[in-house]
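# Coordinates in review
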Amino acid sequence: TMLSNAAAAAAAAGSPRGAAGAPRGAGGALGGGGGSREAAAGSGPPDMSSPSRASQRRGVAGSRMRGAPQEEQASSGGPQGNLGSRVLQQAMREAKLRERVRAGMDAGHMAGDGEGAAQVSELAQGDPEDLTRKQLQRMFKEIPGQSSVTFCYVLHCKTAVKPKVHPPLDAEAFEALYNEERHKFRTDRRFEILRRRRKRRNHFQLNAGYSEPEVQFQAEEPEFQERWRVQSIAEDVWKAEYYQHLYRKAHTDIPEVEPLATRKDRLADVFAASYRKHLLDQNRPVLTHELADFENPYMMKRSALERVLSERCVRNQLDERVMPRVLDKHPDLVKLRAEAALPPEVLEPLAAFRGDTRWSFDARERLAQKLEGVSSALEAVEAWPSAADVAEALPENAPVDPNQVGGGIYHPWRNHIGFESLVPSGVAGGTKFGQPPTVLEDQVQRMRYPTLQRVAHTLPADPKWRAHVVRTIRVLERSKDWDFQSKLNAVNKMKDIYDQLKPSAEYTAKLDEKLPLNRVPSHLKRKFAKDKQYVKTFPKRFLLKKSFTRYRASLTADAPMKVSQAKHNFK
């Protein structure tokens, strides 16, 4: 086989006897002649006996056919005299060293020949099997994927791997060690890979992140210098005061008919409020150091004064802490806060409670709605002279559209869909900033009262289960901690579960049969349940007596609980 041929090739290439017993064509040119070959053969150890010439020829031929080392092949075509003399000298030197080792020469005598002692210590120390295992482990690590049994055995026989083993092992022993070490190496490698894969790493600690120093560019334009900044802050204060006077002028020239005209819905009041808002929007200034666009003069002036105090007056944390108190007591801010318009959070609930379905907090939008209603009324007057026909033509009296909610939802109730709210909603940043609301959120914002009428259908047929679902709907309609989608999901799942249950009478009968019940006292039965028939009734204040006399089980008590006679005679 390949392993036996490789062993023969290695023995023929590395053994001095193989070199001395080569065929005539290859060994005839050796420098020492036939006598020297015989002398070298006679002085060798007993285990280095020369094989027959035919076996030597087969070994040399097999080594050449199976890729013998290039040094052996190249030496056959070079100066054969020098190679033969070197091989004979090496063979003689190794034979002498083996004889000295077997004769038991002392360590001092072996130290006299420095080169020979080093070779003996290198070749003869340690167990051959342990050294061979170390060789295999080293080859598996250094040349992975190329360490076949044939290649490793060739290197083992040539003593080309450290630690060197001489004499080399035979083919069968080497193959057995090779299989054991390869199995052990593969097993260790597999467990090492599994250990690395199962190891949980903290990537927050391993990854320090990427940090790059930011280059700070100095602003060279004059608008970004300190002098211009102070002037822009002062300009913001002047703009706030200008808007304050403009707001007061608009309310003086276009006054309200009554002090509470903003809460009324007359056409004259709505027209005056819309015209004032139009004038203020056309002439409202924009602050340089404020990103918000304030419609209220109180907030605009407060922001400008806060910027002045924080830039020029605040010196420490104490000043920063008392700055809001100073602003709250400022005379102009006190007056403007009293004159400020009401926000939509105050007026919209009042309009919704009044029952308005076509209303808007914006006076200009409300004026447009009123003018549209007037146009519809005039067209109806031209078409139908009767007052009843004109009243039916108004937008407020239009018939209810069953699909008024949208999305194919049957919703035929009147005054259920309200006006659009102008209360600010959404977020001012993040991934959800600027995204339109969902269909369900839009529907909920348009409904006056977001009831659960859309899921109050196909209720369970059983009376008790039906009562449970109806009670859940009424509770969830008034719950503020749930979003509308979660309420719909809860009711739908509850209906699905009750549809799969058996009738409630079966569960009630089984519970009455298995569970012990404390029936009501007789005096309560006569008062509240005359027509009911119970199995057993209890006397008056029986619960108090029961709490005195019953035995409470304990895991550590050795004797039952002692109850005084007074408690037994309690009435």
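Presented here is a report on the structure given in the accompanying data block.

Reading guide: rules and limits
- Residues numbered from 1 in each chain as written.
- Predicted model: local features only at pLDDT ≥ 70, side-chain atom pairs only at ≥ 80, totals over all residues.
- Heavy atoms only, no water.
- Helix = DSSP H or I, 4+ residues; strand = E, 2+ residues; numbered from the N terminus.
- Buried < 20%, exposed > 50% of the residue type's maximum accessible area, 1.4 Å probe, protein only.
- Contact = heavy atoms within 4.5 Å.
- Areas by Shrake-Rupley, 256 points an atom, 1.4 Å probe, with all protein chains shown as cover.
- Salt bridge = Lys/Arg side-chain N within 4 Å of Asp/Glu carboxyl O.
- Patch = residues over 30% accessible without salt bridge, like charges linked within 9 Å, V, L, I, M, F, W, Y side chains within 5 Å.
- Lys, Arg positive; Asp, Glu negative; His and termini not counted.
- Charge placed at Lys NZ, Arg CZ, Asp CG, Glu CD.
- Core = buried A, V, L, I, M, F, W, Y, C linked by side-chain atoms within 4.5 Å.
- Expected span 1.5 Å × (residues − 1).
- Axes fitted to C-alpha atoms, helices over the stretch in contact; angles between N-to-C directions.
- Parallel < 35°, antiparallel > 145°, perpendicular 65-115°, else oblique.
- Left-handed = near helix turned anticlockwise from the far one by under 90°.
- Nonpolar A, V, L, I, M, F, W, Y, C, P; charged D, E, K, R; others polar.
- 1 Å grid on protein atoms, 1.4 Å probe; cavity = no way out; pocket = protein on both sides within 12 Å on 5 of 7 lines; lining within 4 Å.
- Points joined across faces, edges and corners; volume = space filled by probe spheres on them.
- Polar contact = N/O pair within 3.5 Å; in protein donor to acceptor, adjacent residues only side chain to side chain.
- Phe/Tyr/Trp six-rings, centres within 6.5 Å; stacked < 30°, edge-to-face > 60°.

Helix and strand counts for the protein chain stand at 28 helices and zero strands. Looking at the 571 residues of the protein chain, the share that counts as buried comes to 25%. Summarising the internal contacts of the protein chain: among those between residues at least 6 apart in sequence, 60% fall at separations of at least 24. Roughly 40500 Å² of accessible area belongs to the protein chain as shown, and the carbon and sulfur atoms make up 55% of that amount.

This brings us to the pattern of salt bridges. Under the criterion given, the structure shown has 25 salt bridges. Its salt-bridge partner being Asp-265, residue Lys-370 comes within 3.5 Å of it at the nearest N-O pair. Taken together, the residues span a long stretch of sequence, with Lys-370 in helix α20 (residues 363-383) and Asp-265 in the loop between α14 (226-253) and α15 (267-283) at a distance of 105 residues. Each member of the salt-bridge network shares a partner with another, and the members are Asp-281, Arg-284, Asp-293, Asp-362 and Arg-364.

For the rest of this paragraph, the subject is a negative patch on the surface. On the surface, a cluster of negative charge is contributed by Glu-365, Glu-420, Glu-441, Asp-442 and Asp-483. Among the secondary structure elements, Asp-483 is positioned in the loop between α23 (463-477) and α24 (484-500). Using a relative accessible area of 43% as the deciding quantity, one classes Asp-483 as partly exposed.

For the rest of this paragraph, the subject is the nonpolar core. Grouped together as the largest cluster of nonpolar side chains are 16 residues, with contacts concentrated most on Tyr-243, Leu-280, Met-300, Leu-305 and Leu-333. For this core, the secondary structure elements donating two or more residues are α14, α16 (297-312) and α18 (331-339). Per-element tally for this core: the top contributor is α14, with six residues. Residue contacts for Leu-305: discarding those within four places in its chain leaves Val-237, Leu-327, His-330 and Leu-333.

A rise of 1.5 Å per residue sets the reference length of helix α10 (residues 128-142), with its 15 residues, at 21 Å; its end C-alpha atoms lie 21 Å apart and thus fit the reference within 8%. Taken as a whole, α10 has its buried residues at Leu-131, Thr-132, Gln-135, Leu-136, Met-139 and Phe-140. Elements that come into contact with the buried residues of α10 comprise α11 (149-157) and α12 (171-198).

With that out of the way, let us pick up the packing of α11 against α12. Relative orientation of the contacting elements α11 and α12 amounts to 120 degrees, with a least axis distance of 11 Å. Judged on the interaxial angle alone, α12 and α11 are oblique. Judged by the twist between their axes, the crossing of α11 over α12 is right-handed. In contact with Val-149, Cys-152, Tyr-153 and His-156 of α11, α12 contributes Ala-171, Phe-174, Glu-175 and Tyr-178. Across the contact of α11 with α12, the residue classes tally to six nonpolar, one polar and one charged.

Glancing now at empty space enclosed by the protein. Using a probe with the size of a water molecule, rolled over the atoms, empty space left in the structure can be pinpointed. Scanning all chains against the criterion turns up two cavities of 30 Å³ or more. By volume, the second largest cavity amounts to about 30 Å³. Together, Asp-236, Leu-287, His-289, Glu-290, Ser-303, Ala-304 and Arg-307 line the second largest cavity. If one sorts the elements of the lining of the second largest cavity by residue count, α16 sits on top with three residues. Of the residues in the lining of the second largest cavity, the class split is two nonpolar, two polar and three charged.

With respect to the element layout, Asp-269 can be found in helix α15. Within the local environment of Asp-269, its side chain forms a polar contact with the side chain of Arg-266, the two groups lying 3.0 Å apart. Setting aside chain neighbours within four positions, we find Asp-269 in contact with Val-257, Ala-261 and Lys-264.

Moving on to a nonpolar patch on the surface. A cluster of nonpolar residues, Leu-318, Val-322 and Val-326, forms a patch on the protein surface that exposes about 240 Å² of accessible area. With respect to the helices, strands and loops of the structure, Val-326 is situated in helix α17 (residues 317-328).

Under the defined criterion, the tally for this structure stands at seven aromatic pairs. With 4.9 Å between their ring centres and 15 degrees between their planes, Trp-465 and Tyr-498 make a pair best called stacked. Here Tyr-498 lies in helix α24 and Trp-465 lies in helix α23, a separation of 33 residues in the sequence. Take Trp-465 and Tyr-498: they sit in the same class, and that class is buried. In this structure an aromatic cluster arises from ring pairing among Phe-140, Tyr-178 and Phe-185.

The description of two helices packed together rests on the angle between their axes and the distance between the axes. Across the interface, α16 lies against α18 with an axial gap of 8 Å and an inter-helix angle of 155 degrees. With respect to each other, α16 and α18 are oriented roughly antiparallel. Note that α16 runs across α18; the crossing there is left-handed. Each of Pro-297, Tyr-298, Lys-301, Arg-302 and Leu-305 in α16 lies in contact with α18, whose residues at this interface are Asp-332, Leu-333, Leu-336 and Arg-337. Here the residues of the contact of α16 with α18 sort into five nonpolar, no polar and four charged.

Between Lys-162 and the following residue, Pro-163, the backbone shows a cis peptide bond with an omega angle of -5 degrees. In this structure, Pro-163 sits in the loop between α11 and α12. Of the consecutive residues His-166 and Pro-167, the connecting peptide bond is found in the cis state with omega at 0 degrees. Of note, Pro-167 is situated in the loop between α11 and α12. Residues other than glycine seldom take positive phi values, yet Thr-458 does so here, at roughly 50 degrees. Tracing the backbone shows Thr-458 in the loop between α22 (439-446) and α23.

Shape is all these values report; function is a separate question.
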